[in-house]
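Chains, contacts and geometry: an overview
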Amino acid sequence: MTTVADEIARRLAKHGVSQVFGYPGETSLSLYAAFQRSDELTHVVGRCPRGAAYAAEAYARISGGVAVCDAPGGIGSPYATPALLEAYNSGTPLVLITSGPSKSTPRPWATGQVEHARLFDSVAKHVYVVREQRGALGVIDAALALAERPRRGPVVVEIAPDVLEAEADPALLAAPSAATVPADTAAAAGGAAARAAEAVRRGASVALIAGGGCHAAGAAEALREFVDRFGIPVFTTLNGKGVLSEVGSDLPRVVGSKGDTPANAYISGCEVVLYAGSKMGDKSTNQYAWPSLDQFLVRIDDDPTIEDADPARGCLLREDVAGGLKLLTGELGEWSYGGPRPSTATAGDWSKTGTASLVATVNAELSDRDVCVGEASVASGWFGALLRLAPPQRLITPRGTGSLGYAIPASVGAAVARPDATVWTLVGDGGLTMAIGELETIERLGLNVKITVLDNGRLNLIDQHAIHRHGAAAVSRDFRRIDWPTICAAIGLPVMACDDPARDASEIASFFSRPGPAVLVLDTSVDEVSPDMAIAIRKVY
């Protein structure tokens, strides 16, 4: 018998979906049976819905297309909320398929039942509810399309279990669906490119900041052409790293809370700041310090919900990055930048040994297509300031939520998206504690993920905020140290313990050179100061 779930699997494959992530429940097993019968879909089962959904979100970032994950409704789907929020804030195209109440349910409050439309209202672009076969495939079409429409983001599809399990009726499934994809509500602002070009030409000092959106198809090439042609000083946000080569003397530096002091100083003194492909959140604007009242903002973003800028203080090119840069190129013509340039001096009041030495080893071992994954907290700060990437190498971090527990499951998604690459993961012991189950997924799948655990037995960044900003004691001061080498070895992962990565650099490189997964447990001091800690807590500007 061909079930509705089988037809949904075929529809996903027709749209180019080849990989699904998820965690099963009784109400979603018909999907799993369909995935097993499919020759076109591969499914990765995580150790929890949260981990599976994070893996899917990371897969979408690296693959460049929409990702699909599943979770059983009510009992499993709420665990996917952090990943949906991450995708919503980061503009990641993700479709969550979950189960809802059966038509035969006589009364509410059945086990596992939840109102997904209310639950996910603030973290998804839309929640589609399917309670019958009629038009069900049209819902799948609409969900996939909506996830990729500007601004990209997550979409939820709730399907009743009895519908999934039913014998497929091709006529009903193909019937017109009430599901729609909302039309774009904002048109490109007339004359914006001309106004932007005029501001850039008149600016005594100009900077271009490339965000994570510049990794989209076509955007990286357009950005390189723009920078080479006009010579405007270019920087990146944390998740824009790798869109331009960071190898050499004139490298684009990271700005904002995860950046470095000289880069932030230059941006603060610029007359015109051009943001391309960035949501301009707190981290990439140095806690909203930019644009200041004295700066003119030029923004390239195709999000239809962004309001047009005040003409006196900025202008918005409501275009995708590649299109916006090409429009601006046409308006700038033969102009080239002749103003001041940022300092090439290396600065930063952070610890120069310990984790800094470990990142130097990673830099030396990176191959052409490798992916780096940084946990929230200090791990992403170390990678932001010291990692040196060149396209198509990538860095991904939880840029939408800053949530602990992201890096390990995201490593799964990144490794599945690029099976020919090594994934280098930097995670604190706090983040690893929240995602320990996905270590088994990495081992089970034999993924080429090299994990370094920054182990100080604390939530150290939180502790430092408590101490320096609130005059309180360290909140995790009574945490017990976890024996990570024993746990990793019990899971079956190769593991190495180290307290001096500079001394053991060659041994670490040899350990990581073996194929497959590996875990380095790095004993770090609570007194170690990361680059972002120096900026955010010690206020070293």
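This write-up is about the structure you can find in this document. As the structure is a computational prediction, the values presented were derived from the model and not from experiment.

Turning our attention to the packing of aromatic side chains. Across all of its chains, the model carries nine aromatic pairs by this definition. With a centroid separation of 6.4 Å and 65° between ring planes, the pair formed by Trp335 and Tyr337 is classed as edge-to-face. Assessed through its relative accessible area of 10%, Tyr337 is described here as buried. Measuring from ring centre to ring centre gives 5.5 Å for Phe511 and Phe512, while their planes differ by 40°; the resulting arrangement is tilted. Of the two residues, Phe511 and Phe512, both sit in the buried class. Here the aromatic residues Phe226, Phe230, Trp335 and Tyr337 are joined through ring pairs into a cluster of three or more.

Let us now look at the nonpolar core. Grouped together as the largest cluster of nonpolar side chains are 50 residues, with contacts concentrated most on Phe21 and Ile451. Beyond its immediate stretch of four places on either side in the chain, Phe21 contacts His43, Val44, Ala52, Ala55, Ala56, Tyr59, Val68, Cys69, Asp70, Val412, Gly413 and Val416.

Buried residues dominate strand S7 (residues 206–210), accounting for five of its five residues. Both faces of S7 are covered, namely the face carrying Val206, Leu208 and Ala210 and the face carrying Ala207 and Ile209. As paired elements, S7 and strand S9 (residues 272–276) share five bridges and run parallel to each other. Along S9, the bridge assignment pairs Val206 with Val272. Note that S7 and strand S8 (residues 234–236) share three bridges and pair parallel. Paired with Ile209 across the bridge in S8 is Phe235. Note that the unit made of S7, helix H10 (residues 219–230) and S8 has a crossover that is right-handed.

Next up on the list: the pattern of salt bridges. The final tally for this structure, using the stated rule, is 23 salt bridges. Across the salt bridge formed by Lys241 and Glu246, the nearest N and O atoms sit 2.9 Å from each other. Each of the two residues, Lys241 as well as Glu246, counts as buried. Within the structure, one salt-bridge network assembled from shared partners comprises Arg47, Glu440 and Arg444.

Calculation notes
- Residues numbered from 1 in each chain as written.
- Predicted model: local features only at pLDDT ≥ 70, side-chain atom pairs only at ≥ 80, totals over all residues.
- Heavy atoms only, no water.
- Phe/Tyr/Trp six-rings, centres within 6.5 Å; stacked < 30°, edge-to-face > 60°.
- Buried < 20%, exposed > 50% of the residue type's maximum accessible area, 1.4 Å probe, protein only.
- Core = buried A, V, L, I, M, F, W, Y, C linked by side-chain atoms within 4.5 Å.
- Contact = heavy atoms within 4.5 Å.
- Helix = DSSP H or I, 4+ residues; strand = E, 2+ residues; numbered from the N terminus.
- Pairing = 2+ DSSP bridges.
- Right-handed = clockwise from strand over helix to strand, strands pointing away.
- Salt bridge = Lys/Arg side-chain N within 4 Å of Asp/Glu carboxyl O.

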